[in-house]
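Examination of the molecular architecture
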Amino acid sequence: MLRTWFDSGGDFNAAHLVLLSDWGLLALLAVALLVLGGLALSWHNTRELTGRRRWTLRGLRAAAVGLLVLLFLQPGVRLENVTRVRNHVAVLIDASRSMGLPGEAGTRLDDVKALLAREASVIDAWKQDHQVDFFTVTDQARPLADPATVAAEGDATRLLSGLEDVAARFRPEEMAAVVVLSDGADNGALGEAPAVDEAPPAAVAVARRLQAPIHAIFTGPKDPPRDVAISRVAYDDFAFVRNAVSIEAEITVQGYQDLVLPVTLRRGDTILGQRSLTTEPGQDRYAFDFEFVPDKTGKDVFTLEVGQAPNEEIRDNNRRQFVIRIIRDKIRVLQVVGRPSWDVRFLRKLLKKNPNVDLISFFILRTGASIDVARRDELSLIPFPTQELFEEQLGSFDLIIFQNFTYRGYQMIQYLPLIREYVREGGGFVMIGGDLSFTSGGYAGTPIADFLPVELPPEGGDLIDEGRFRPTLTEAGRRHPITALSLVPEENDKLWAGLPELSGVNRVLGVREDAVVLAQHPAREAGGAPAPVVVAREFGQGRVLAVTTDSTWSWAFQAAAEGGDNRHYYKLWGNAIRWLIQDPALKPVRIEADRDRYPLGAEVTLMTRVVGSDWAPAVDTPVTIEVRRAWFDAGGLRQTAVVTLLEGRTSENGEYLARYQPVEGGAYTVTARVDRGTDVVTDEDVFVVAPDPVELRGTAARSDTLRALVQAGGGELRTLDQGLDGLERVEPAVVKVNRRKDVPLWSSGWLLLLAVLFPSVEWFLRRRWGLL
Amino acid sequence: MSLQRRQFLATAALGALAAPRALAMGADAEVGVGLLQHGEGFDSRPGAVEQLMWEVSKRTSIDVRERPRVVTPDDPDLFRFPLLVWIGAAEAPPLSADAVRRLRRYLRSGGMLYIDDASPGDAFDASVRAEVARLWPDQPLVPLDADHTLYRSFFLIERPEGRVRRRADLEGVTFDDRTLILYGRNDLFGAFGRDPLGGWVLPVIPDGNRQREMAFRLGINLVMYATCLNYKRDQVHTTAILRRRRWRVSQ
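Attention here is on the structure that accompanies the text. (Residues numbered from 1 in each chain as written. Chains lettered and ligands numbered in written order. Predicted model: local features only at pLDDT ≥ 70, side-chain atom pairs only at ≥ 80, totals over all residues. Heavy atoms only, no water.)

1. What to know about the interface of chain B and chain A
Inclusion rule: By the convention used here, residues are in contact when the closest approach between their heavy atoms is within 4.5 Å. By buried area we mean how much accessible surface two parts lose on assembly, using a 1.4 Å probe and totalling the loss over both. Think of a salt bridge as a Lys or Arg side-chain nitrogen and an Asp or Glu carboxyl oxygen that are within 4 Å of each other. For this analysis, a polar contact is any N or O atom pair within 3.5 Å, provided that within protein one partner can donate a hydrogen and the other can accept it, and provided that sequence-adjacent residues contribute only side-chain to side-chain pairs. Numbered from the N terminus, helices here are DSSP runs of H or I no shorter than four residues, and strands are runs of E no shorter than two. Note on residue classes: Ala, Val, Leu, Ile, Met, Phe, Trp, Tyr, Cys and Pro are nonpolar, Asp, Glu, Lys and Arg are charged, and everything else, Gly too, is polar.
With 64 residues of chain B in contact, the opposing surface of chain A contributes 78 residues. Roughly 6,000 Å² of surface becomes buried between chain B and chain A when both sides are summed, with 53% attributable to carbon and sulfur atoms. Where chain B meets chain A, there are five salt bridges. A salt bridge links B:Arg217 to A:Glu378, with the shortest nitrogen-to-oxygen separation between them at 3.1 Å. Counting across the chain B and chain A interface gives 19 residue pairs in polar contact (both at pLDDT 80 or more). In terms of residues, the side of chain B that touches chain A owes the most to one element, helix H6 (residues 231-244) of chain B, which gives nine residues. Residues of the side of chain B that touches chain A, tallied by class, amount to 28 nonpolar, 14 polar and 22 charged.

In structure tokens, the structure reads:
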């Protein structure tokens, strides 16, 4: 009304009374006291009058004082032209992959898009008072320009995280409402909260930050999809070779009864274990445990798979691939000794001192020929546990050392083939010389002889040469990682020439074609070549070393007599152990992906390191990387194909950094190849390219999570059919003043006239009534 | 019981008839003993080392070199014998500085020194304590624990015996999980010597043959400890180590 009276031009849209004076508080108080004092005095000096006259004077005086006060305060009307700032309605559209699953009509996301199209007029109406902002929500909220372009590609649904992002974007007074359109299949804090009547604390906290109603529109099928899903796989990123590894899996079954499906764990193509899933009435979750023993180090892709149920709507969640890095905890060495000796003593000391070695020693302290004059309980001897060592525990060893040991006399003949298979499958083996080794130990013609690097002569004849000698390095031995006491070949030659003499070698016929002689006898011959002293061979996946003397201990002890020390002995055997157990650091080529798992579309970084035959970084060396993808076709069969070749040259550090962007999911194997002229050396690594499995581990739409959300946010939970109209929104509170005009009321002539008139009349009446 | 004269002669005859037990790989492959020549007494127990090593060869699998090699601290061959025996019958002169330095190197590099007090009094004992303090100044001689590996390296031994019973334990200096100096005051090697006819050179006091057998067992354990170190202590843990990894044969 004020605006109507005072704004004749219609330029303003708001008006209110104001005081235009700028008196301070003290002045106002002083005036108030004066007014009260004057009124009290007036009250007092009119008490003798009759009723009518008394109240007339009091009224006139009060009116006069009131007008004076009014003039003093200078009241006015403030006219303003203001604009109301629209607050925000945040519309969050769930864009996770579960939204691509069947809903009521199309996919869940399609149904949401249809709702938004149908309710466009409602949203337009909102826009009069509110700014309507669209967001996608997956693991976070991201602004969205056009809801029609949303795709269900997100690898997670974390509604509370999305709401946190919205709360961080706007101040509480800027919020009108939040509308979440989702299937509620949350895999964050909301979905994992226990199903209780109260809203989870995290939801309450985010609602408190927003200070606006949180509404939710549920999209999803009326009936849950028929689905068998791997809902959880628990495993360690790394495990220890030859140690049992456990993998736990949980499988969720919806909409099926009387179902029997296989559950299979594979390492590459190899099946590690298989279980059977049989559904039970009233049960939807099934737990499975797998245990296996990895037999080699390195990374491998493991696949857990549950069979597909008839007419299953969602098949992506029936398989889970992951990478486990198999590492070595300690080098597990079995040292079997035919008789105690100084050679045994020094090697044992070396092995015991190595903190990375878990040593199991078995020494034959007494033979059948030994004279027994003591009772058994007076001896500290224990039986030689051949079955436990060579059958039950054989595969747990990284390296077996037969040091001057003969298998004869211990009923071991049946274990020799097992040892051969152990080596073939990746184990390390050393035979150290002595009068119980090689042919002297009866190994000629046995399965052990099959993998030894040397050809054994038949028994009989002269099997041992007792003379002293100083072994010489072969050309291969000058650079080989076992005999490289120095990385510089010339320096290495000098070091070997300075080692103390050895004594005695086992005679052999020669070396195998694929064996590499590293050190040889300077004077004796075998098979038309110098007699081998240190010979290496790769047999199957394993490695074998033959040392045809039992006197290397002199390099540990006698070297000290000549002012040296045992470092070369330690270096030699340390090298040998690392080579035998196939220490990755001794690989001439190594390739490594920067991660084990990549989401679809991510870039893979591959680092290849190359060393030359001198074990120095190989500079400007061509490297070829083959990228091979393995996947499962529609029929569930595993397929592989080379998808690309990457080529480059190493830097001055011997490194080649390659980048690759896989376009499809699957298990990838990258193999680096370097042609060194005489041979091709390779190394490989694996990784998985796949969406985050968390999103599809539970595919059922969940209105309970959305109900908890709206309960915390004081909003409504609606179905798609109920639409958006009428959802509560906070009116905009923030206004902006464009123009302002103050119209003083006190300056009116009528007021001045009244201010003079009231005291005058009062004075006139007092005089008339004889009070003056 | 130790091999008696009749047993000894019979065994020796059988040994001579039997095929050689092994094809020797050379001098360094045999386990032999160095006999330290310093002061009086190194030659006071003739045939003792030979007899001990003979017992070792007959009772254990060790391939031995029976005759000891007499060495001085500066002998180039000292480092061919990781087990060195110092028998003393009287007060010994101090080792020279060079000898101390070389013996210290010998011990640090893996050698082991057994000191045997064959003296009637305490004069040699005083010399030993003084020289051990010079050889290994950081650690004193201390009595070995009853569960020391030496006492179970082959035979289970409750009390270290010798030709005499002067002390109920051995002393030693242990470094880096290895007892590198051992010291016995019971004239261990005095119990070993035989004459050419197989009789014992010296009587064993007070328990005679049983005590001599126990002395041999200690001697054999000494050689076994020198060659196997703490192997026997490992075996206490072996089962646990084997079981610690739950390795199984793949099904």
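Next comes the rest of the account.
2. Looking at the sheet that holds strand S1 (residues 14-19) of chain A
Residue and element names in this part refer to chain A. The following threshold applies: Following DSSP output, two strands are said to pair if at least two bridges run between them. Axis definition: a line fitted to C-alpha atoms, over the contacting stretch in the case of helices. Angles run 0 to 180 degrees between N-to-C directions.
Read from one edge to the other, the open sheet built from three strands follows the order S1-S2-S37, with strand pairing classed as antiparallel. Lying at the two open borders of the sheet, with one neighbouring strand each, are S1 and strand S37 (735-744). Taking each pair of neighbouring strands and ignoring which way they run, the sheet shows an average axis angle of 30°. Across nine bridges, strand S2 (residues 75-84) lies against S37 in antiparallel orientation. Bridge pairing in S37 places Arg-84 opposite Val-735.

3. Re the pairing of strand S13 (residues 285-292) of chain A
Residue and element names in this part refer to chain A. Quick reminder of the rule: Only protein chains enter the accessibility calculation, which uses a 1.4 Å probe; a residue whose area is less than 20% of its type maximum is buried, one above 50% is exposed, and one in between is partly exposed.
Here S13 shows one buried face, formed by Tyr-286, Phe-288, Phe-290 and Phe-292, and one open face, formed by Arg-285, Ala-287, Asp-289 and Glu-291. In this sheet, S13 lies alongside strand S10 (residues 245-254) in antiparallel orientation, the contact comprising eight bridges. Residue pairing in the sheet places Thr-252 in a bridge with Arg-285 of S13.

4. A short note on the sheet that holds strand S6 (residues 175-182) of chain A
Residue and element names in this part refer to chain A. Across the sheet, which stays open at both edges, the six strands sit in the order S5-S4-S3-S6-S7-S36 with mixed pairing between neighbours. Two strands close off the open sheet at either side, each with one partner strand: strand S5 (141-144) and strand S36 (714-719). With strand direction ignored, the average angle separating the axes of adjacent strands in the sheet is 25°. Helix H4 (residues 108-118) rests against strand S3 (87-94), strand S4 (130-137), S6 and strand S7 (214-218) of the sheet, and its axis sits at about 150° to S3. Docked against the sheet, helix H17 (residues 703-713) engages S6, S7 and S36, running at close to 150° with respect to S36.

5. Re the packing of helix H8 (residues 201-210) of chain A against H17(A)
Residues and elements named next belong to chain A. For clarity, the threshold we go by: Should an angle fall under 35 degrees it is called roughly parallel, over 145 degrees roughly antiparallel, and 65 to 115 degrees roughly perpendicular, with every other angle called oblique. By convention, the crossing between two helices is left-handed when the near helix turns anticlockwise from the far helix through less than a right angle, and right-handed when the turn is clockwise.
Where H8 meets H17, the closest approach of the two axes is 8 Å, and the angle between their N-to-C directions is 45°. The orientation of H8 with respect to H17, classified from their angle, is oblique. Of the two possible hands of crossing, H8 and H17 adopt the one that is right-handed. Contacts between H8 and H17 involve Ala-203, Val-204 and Ala-207 on the former and, on the latter, Leu-709, Ala-712 and Gly-713. By residue class, the composition of the contact of H8 with H17 is five nonpolar, one polar and no charged.

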